[in-house]
Each structure stands twice: as structure tokens, then as C-alpha cells.
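Structure assessment
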Amino acid sequence: MSDKVIIKSNPNGIRLILDEQISFLALSAAVACKFKEMGSFFKDARMAVAFEGRTMTIEEELQLADIIMKNSRVQIVSIIDNDPVLEEKMRKSLLSS
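Residues numbered from 1 in each chain as written. Predicted model: local features only at pLDDT ≥ 70, side-chain atom pairs only at ≥ 80, totals over all residues. Heavy atoms only, no water.

1. Section: the sheet that holds strand E4 (residues 75–80)
- Judged by pairing direction, the sheet is mixed, and its 4 strands sit side by side in the order E1-E2-E3-E4 without closing on themselves. Edge strands, defined here as strands with exactly one partner in the open sheet, are strand E1 (5–10) and E4. Pairs of neighbouring strands in the sheet enclose a mean axial angle of 30°, with direction left out of account.
- Strand direction decides the pairing type here: strand E3 (residues 46–52) and E4, joined by 5 bridges, are parallel. In the strand pairing of E4, Ala-50 is matched with Ile-80.
- The sheet contacts of helix H2 (residues 58–70) involve strand E2 (13–18), E3 and E4, and relative to E4 the element is tilted by about 155°. (Pairing = 2+ DSSP bridges. Helix = DSSP H or I, 4+ residues; strand = E, 2+ residues; numbered from the N terminus. Axes fitted to C-alpha atoms, helices over the stretch in contact; angles between N-to-C directions. Contact = heavy atoms within 4.5 Å.)

2. Thoughts on the confidence of the model for the protein chain
- Mean pLDDT for the protein chain: 85, with 85% of residues reaching 70 or above.
- Of all helices and strands in the protein chain, the one with the weakest mean pLDDT is helix H3 (residues 86–96) (66), whereas H2 scores best (95). (pLDDT = per-residue confidence, 0-100.)

3. Some points on the side chain of Arg-54
- Here Arg-54 lies in the loop between E3 and H2.
- Buried charge without a salt bridge: Arg-54, with Asp-19 as the nearest opposite-charge side chain at an N-O distance of 5.5 Å.
- In terms of polar contacts, Arg-54 uses its side chain to reach the backbone carbonyl oxygen of Asp-19, at 2.7 Å.
- In this structure the side chain of Arg-54 is engaged in a polar contact, spanning 3.0 Å, whose partner is the backbone oxygen of Ile-22.
- Beyond its immediate sequence surroundings of up to four residues, Arg-54 is in contact with Leu-18, Asp-19, Glu-20, Ile-22, Ser-23, Phe-24 and Leu-27. (Buried < 20%, exposed > 50% of the residue type's maximum accessible area, 1.4 Å probe, protein only. Lys, Arg positive; Asp, Glu negative; His and termini not counted. Salt bridge = Lys/Arg side-chain N within 4 Å of Asp/Glu carboxyl O. Polar contact = N/O pair within 3.5 Å; in protein donor to acceptor, adjacent residues only side chain to side chain.)

Rendered as C-alpha cells:
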């Protein structure tokens, strides 16, 4: 299940690279499992998150952000669209929160 969700961190947040082949329900379970396993790694971090690897609705992105927060001590302060200035957006969102 761990290869269904890959977490990449940077100084301003995290990127989740998501398997596009599994159902959203299975993906949600994989995200919950991954963050339960890594919960203590992030401690009480406040960060931005970006989702990559599959197209999702805003509602699905919000659901995944909620799953992350319920299964770890991470506080998601913003969801960033994947674009060429991703890290700058993450940095700015953290500074304004």
C-alpha cells in the first residue's frame, strides 16, 4: 500500500504523489495509513500540501487534507495546485498563515 502514496517534502510543505490507478476510496485508505505510520515524523507541523499523479476535484483534495490531519498531527494550511512556482506558493502561504 505504501507505493500508492509517496510523500516528498520540501522546506515549505509536502507533495503527495498519488496512484492514479486505484479508486478514491482505496487511495483515501492508503493516505490514512501512510500518515498514521509517519505521524510522529511531522510532529505538529503546519504546512502546505500539493497533490500530484491524478486529477481530483476540490472536494477530493479537501477530503485528503482532512484525512491527513485526522491521522497525524500535521495541520494543512493550504492546498497548492501543481505548477512551475509550487515551492514559492507554498512558502508564501505559510508566511501568511
